[in-house]
Structure formats: C-alpha cells, structure tokens
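Listed here are the chains, written in short residue letters.
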Amino acid sequence: MKILVCITSVPDTTAKISFTQDNTQFNKTGVQFIIGPYDDYALARAVELKEQHGGSLTVLNVGTSDSDPQIRKALAIGADDAIRIDTEPTDSYFVAAQIAEIAQKNSYDLILMGRESIDFNSGVVHGLVGEMLGIPSYSPVMKLEITDGKAEFAREIDGGKEFLEADLPLVLGCQEPIAEWKIPNMRGIMTARSKPLNVVPATPMDDLTVLKKYTLPAPKGECKMIAAEDAEQLIALLRTEAKVL
Amino acid sequence: MSVIIFVELDNGSIKKSSLEAIYYGSKVAESTQTTATVLAIGSAEESALKEAGKFGAQKVLHANDGKLSHENSLAYANVLAQAVEQEGSKIIIMAKSGLGDAVAARVAAKLKAGIVSGVTELPDTSSGFTVTRAIYTGKAFASVELNSDTKVLVVRKNAVEAVATEASASVEVFAPTLQDSDFAATVKNVEKASSELSLTDADIIVSGGRGMKGPDHWDPLLELADALGAATGCSKPVSDLDWRPHHEHIGQTGIKVAPNLYIACGISGAIQHLAGVNGSKCIVVINKDPEAPFFKAADYGIVGDVFDVLPRLTKAVEAAK
C-alpha cells in the first residue's frame, strides 16, 4: 500500500498571533512552528497502517524551507521519504492543485491529511484534492481500518458518527481519535537525517484569491463579575443588557 | 446569473445556519444586481422549503431523488454543479459545516472556482470582490480578494443578522443526472443522537469542563441547558476522559462554535478551548477559581461552585418564563 500524508507547518496552538509590514505578513518572530495537530493524527495512523500492511509512506508539504524541521520530524516519526513543493502556499486551491499534481504521478492508495490546517482553518484541501484526482474524499475521519484493499472508516457528523466502507484510493481528512500522536524516538531522529527529502518546484497557476490584509479582533471589553450569591441576576442581565436570551 | 445557496436540511426543514446563508446570499445578490436561488437536496415538504423566501430567496430548486436522502458530499457537489450550470451562477454560497466545506471544496474544484471558507462579513463589491474571513481559529481575520470568474463562499454563523420577511419563494423540482461513482462508499451504520440540538446550529450552548467533577454530575448542566433550550458541549479533557461523547468536544481540535450565548461551567479556559468559542457573541464563565484564564475572555463571570450556581440559574430561567 502506498500512503501519502500531507502535513502543514503551522504556528503552535499557543502562539501569539501578530502581523508585520502594514498587516500584510504573519510575524514569525518568537513563534514556534509545529506539524498541524490534525496532520499529526493522520501521520500517526499512517505509520500504524504501514506497520500492519507494509508498503511505503511519503510525507508531503507545500511550503518553503522553513517547513524542513517539521518534515524531518515526520520522517523521524516513521515516514520513509518526503516531498516538499518549494513555494509559499497562497490559498487552498493552489495547495490542493500542487498535491494533486504529485499524486497524479505516483498513484497513492491512500492520501491522508488533517481535517483542516490550524492557521487558515478552511477544511477544504482534502475535498479539492479528491475532486481534482476524481476519487472520493471524506472528512473528518476519526477511525480507519484497511482490510483487503477496502477502507472501513468512521466520520464525525452533526451530533454523531457515520460508519462507511469504500474501495481505495481515497482522500481522507483526519482528526482524533484516529490514532495517538507519536513522539519520535532517538533512532527515528537519527535515521530521519538520511531519509530522502525531495524538493520540487511548484506548478505555476493563476491566483484565484489574493490575501490583501490581516486584522486582529477588537480587544474584548471587561468581564462583568456577578457575586455567586446574586447568581440569579445573570439571567436578567443576559435578557436586558446582553439581549441574548 | 443568480447567486446560488446550497442549504442543509434537518428532518425536512432548512437548518438555521442555512437560513442565515440564504439571507447572506440574498444580500450578495442585491449588491450584484441579481436574484438568489436556493438548492435543497433531500426530502422536504414544499411548505418548509418556501421558508427560504422569507430570508430573501426568489426560487428554490429541490432535488429529491431517493438516492440523495442520505448526506453525501460527492453527490451533493455534483448536483450543485448542475444547478450552477442551469442557473448560470457565478457566486455559490453555503453555511460553514462539515458538509458545507466538503460540498464547497468539490464544487470549487469542478468549476475551477476561488474558494474562501470561514467568511465573517458581507463582501465588499465596491471595487472587485473582497471578503473577510476568520483565520488562526478566530484569533485573526484576513481580507481576501476573489479574482476567479466563479466564486465559492463558505459563511460562518453570525456573519449577518438574518431578518425574516413575509416574502415567499417558488419551489421547482430539480432532477439532476446522478453518477454511480458518487455512491461508491457503503454506509454501514449511523450513530446519531437524534433528539440532541446540533452544536453548530445552536443559539445557546452550555458547556462543562473538569470542574464538573465526573460523568455522573452532569445533571445540573443538562437541566440548565434544557431550561434554556440550549445544546450541550464540553472541553477536551472531558471528552478524553469519556465523561461526555466526542462529538460534544468544543475547541481547537474539536468543534468550533459561534452561538449567541456560551455558558462555560467549570472550564478553566485553555487557549485551545478559547479557540473553539471565540466566535460567540456573549460568553459567561462560571468557575470557582477566580484566576481561571477564561474570565479574561468572558463578558460575564461568576466565581462560585457550579453545583450551587447552576441549579439557581435554572430556577431563575424557569421563573422568568
């Protein structure tokens, strides 16, 4: 089985978000970058599936050399090799088109990624890639088993779960609890250094969308404290002041 | 040329978030001098679909093939693309949800359309077509210009304040050509708590954290939710500990919600939890720890024991009815 896992390199979930150059650039100063948490779940399940079924596991990132530490970490966790499409990702469509281009050449059985990146939260790249390749896509997948070339998986739906069965190939957006995050061990870290990281140029395409400017939300007003013994007052305030009841 | 809005149905009625999307779509239609057409897929009475008219749609296309009764993003995207072609639409709109994003993505790839998900405001069409979207899980916003001929917008809850009128929409049967390949996956089973209010659709959410002390102590929270007609959620530790089902987990790696009122009970307010609720209009925090970081993000706070405060709030809600 040939598995491709697409990962994002994103600011840590606790990072302070700010912008520079007249609010047109993300301020990377002092920000730690990580593998997208959802992508990390996808990667962990992919490593388990490779252990069970054999085959190959390639990790892919669309990004600049700034992503290399996250790609090396993915190799240390258990990917066999990596591809980095050397470009600044501009939007979901662009990223999906780059992934689809690579996938078309390599015919993977399974393409996994996180349900969404935690920087732009679009949650559409798996669907775009699936349609571009003409294969089914599902998200968010929280359980995945492969038996005899068939995938059995569970998808979270509004207020519950849906259990599906489908033939490969598939594109899946993953989330917990599909697997436990894996922490690379020393041997993994050592071998990751010699695993291939192939840097390939991006396929040019027209910009369908252009990001013009970033803004930060308006600062939150004071929190109005209500004494516990007057808790009932809250209901009146929600009704008359906040007007949300 | 009309703006087309894909809506989700729940038990034959248009979901609330989709009604908001219709209103959003009708405003976009007004500013681009065209009309708003709704596409509804699945079984529904004509009277329920006419509701779309109240939120500004002129026409509803209703695709009601039995094969489409089960939620299927592949087939729905295919049906939507056919509706777009029939109507000559250039702008496609839907509410943000798992299904909304999935359908939006597939239809955007079919039509080579620019796609923006998480839109929080009406577009600026004064020069070009620019929308504002939430990024970094609501910690920032970006304005994005769409240059593509066809545009797909996935709209977040509360992007517009929807106002209903007495207008009505015409309902037409829409009979798309279905592809077998869109039905290749077999649905083995669906586990769904049918009585529950949907978290993403709820106006009020009452949510509990570790301060609720265990799975057996949830009644005071459920009773308040019941009195308020609210949906219930929980923090990540609570769903990790299996005190509550995973689909209630709100936060960075769970569901992102944007209700009018979010009441957090015994949740300290880790940054990852805040990321899931920062779209809420009004946040109430009840926690016995006055230093809980959640108070900094709250509009109203009560420092107190949830097991004392919650029953009294429930009584006050009942008394005010």
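Per an unreviewed UniProt entry, chain B is named Electron transfer flavoprotein subunit alpha, and its organism is Persicitalea jodogahamensis. On record in UniProt, under Sequence similarities (unreviewed entry), the comment for chain B is "Belongs to the ETF alpha-subunit/FixB family."

As recorded in an unreviewed UniProt entry, chain A goes by the name Electron transfer flavoprotein subunit beta, listed as coming from Persicitalea jodogahamensis. In UniProt, chain A has this text filed under Sequence similarities (unreviewed entry): "Belongs to the ETF beta-subunit/FixA family."

S.K.: Would you mind going over the sheet that holds strand β13 (residues 204-208) of chain B with me for this structure?
M.R.: Strand pairing in a sheet is mediated by backbone hydrogen bonds. Such pairs are either parallel or antiparallel. Spatially, six strands are ordered β15(A)-β17(B)-β16(B)-β15(B)-β13(B)-β14(B) in an open sheet, and the strand pairing comes out parallel. The outermost strands of the open sheet, each flanked by one partner alone, are β15 (224-226) of chain A together with β14 (231-234) of chain B. Geometrically, the sheet is characterised by an average inter-axis angle of 20 degrees between neighbouring strands, direction not taken into account. As defined by bridge partners, strand β16 (residues 282-287) of chain B adjoins strand β17 (residues 300-303) of chain B across four bridges and the pair is classed as parallel. What sits directly across from Asn-287 of chain B, in β17 of chain B, is Val-303 of chain B. Packing of helix α5 (residues 219-228) of chain B onto the sheet brings it into contact with β13, β14 and β15 (261-265) of chain B, and relative to β13 of chain B it is tilted by some 180 degrees. Along the sheet, helix α8 (residues 306-320) of chain B contacts β15, β16 and β17 of chain B; its crossing angle with β16 of chain B, the most-contacted strand, is approximately 135 degrees.

S.K.: Quick question: what am I supposed to make of the environment of Thr-29 of chain A here?
M.R.: All names here are of chain A. Of note, Thr-29 is situated in the loop between β4 (25-26) and β5 (33-35). Separated by 166 residues in the primary sequence, Thr-29 and Lys-195 place their C-alpha atoms 29 Å from one another. Within the local environment of Thr-29, its side chain forms a polar contact with the side chain of Asn-27, the two groups lying 2.8 Å apart.

S.K.: Help me understand the UniProt feature "domain: Electron transfer flavoprotein alpha/beta-subunit N-terminal" (unreviewed entry) in chain B, please; the structure alone is not making it clear to me.
M.R.: The UniProt record marks residues 3-187 of chain B with the feature "domain: Electron transfer flavoprotein alpha/beta-subunit N-terminal" (unreviewed entry), using the residue numbering of this structure. End C-alpha to end C-alpha, residues 3-187 of chain B measures 32 Å, and it is 29% helix and 30% strand.

S.K.: Mind showing me how you'd approach unusual backbone geometry here?
M.R.: When glycine is set aside, most residues are seen to have a negative phi, and most peptide bonds are trans. Residue and element names in this part refer to chain A. Here the bond from Leu-168 into Pro-169 is cis, since omega is 0 degrees, no more than 30 degrees from zero. Here Pro-169 lies in the loop between β11 (160-167) and β12 (170-174). Residue Pro-177 is reached from Glu-176 by a cis peptide bond, and omega for that bond is -5 degrees. Inspection of the secondary structure puts Pro-177 in the loop between β12 and α5 (186-192).

S.K.: I'm lost on the UniProt feature "binding site: FAD" (unreviewed entry) in chain B in this one. Help?
M.R.: Residues given the UniProt feature "binding site: FAD" (unreviewed entry) here are Arg-210, Gly-266, Ile-267, Ser-268, Gly-269, Ala-270, Ile-271, Gln-272, His-273 and Asn-287 of chain B. Assignment of secondary structure puts Gln-272 of chain B in helix α7 (residues 271-277). Once you skip the residues sitting within four places of it in the chain, Gln-272 of chain B turns out to touch Thr-13 and Thr-14 of chain A together with Gly-251 and Gln-252 of chain B. A polar atom in the side chain of Gln-272 of chain B sits 3.0 Å from the side chain of Thr-13 of chain A. Considering the arrangement of structural elements, one finds Asn-287 of chain B in strand β16.

S.K.: When you look at the interface of chain A and chain B in this model, what are you seeing that I'm missing?
M.R.: For an interface, size is often stated in terms of accessible area lost upon the parts coming together. Facing 78 residues of chain A, the contacting portion of chain B comprises 79 residues. Of the roughly 6700 Å² buried between chain A and chain B on both sides combined, carbon and sulfur atoms contribute 56%. Between Lys-110 of chain B and Glu-131 of chain A there is a salt bridge, and its shortest N-O distance comes to 3.1 Å. Counting every contact that joins chain A to chain B gives 45 residue pairs in polar contact (both at pLDDT 80 or more). Elements with a contribution of two residues or more to the side of chain A that touches chain B: α1 (37-53), α4 (125-133), β9 (137-147), β10 (150-157), β11, β14 (209-215), β15 and α6 (233-240) of chain A.

The rules behind these values
Along each chain, numbering runs from 1 in the same order as the chain's sequence is written. Here every chain gets a letter starting at A, and every ligand a number starting at 1, in the order they are written. Per-residue local features of the predicted model are confined to residues with pLDDT of at least 70, and side-chain atom pairs are confined, for both listing and counting, to 80 or more; whole-chain, interface and lining totals are unaffected and use all residues. Remark: hydrogens and water are excluded; side-chain values derive from all non-hydrogen atoms of the structure. UniProt positions are given in the numbering used here, feature names are shortened, and annotations may be inferred rather than shown by experiment. In this scheme, strands are said to pair when DSSP sees at least two bridges between them. Working definition: helices are DSSP H or I runs of at least four residues, strands are E runs of at least two. Numbering for both runs from the N terminus. Structural elements are reduced to axes, namely lines fitted to C-alpha atoms, with helices fitted over the stretch in contact, and the angle between N-to-C directions of any two is expressed from 0 to 180 degrees. In what follows, residue pairs with any heavy atoms lying within 4.5 Å of each other are defined as contacts. Any pair of N or O atoms that falls within 3.5 Å is considered a polar contact. Within protein, one atom must be able to donate a hydrogen and the other to accept it, and sequence-neighbouring residues count only if both atoms are side-chain atoms. Throughout, buried area stands for the accessible area (probe radius 1.4 Å) lost by two parts on being put together, summed over both. Basic side-chain nitrogens of Lys or Arg form a salt bridge, by our definition, when they fall within 4 Å of a carboxyl oxygen of Asp or Glu.

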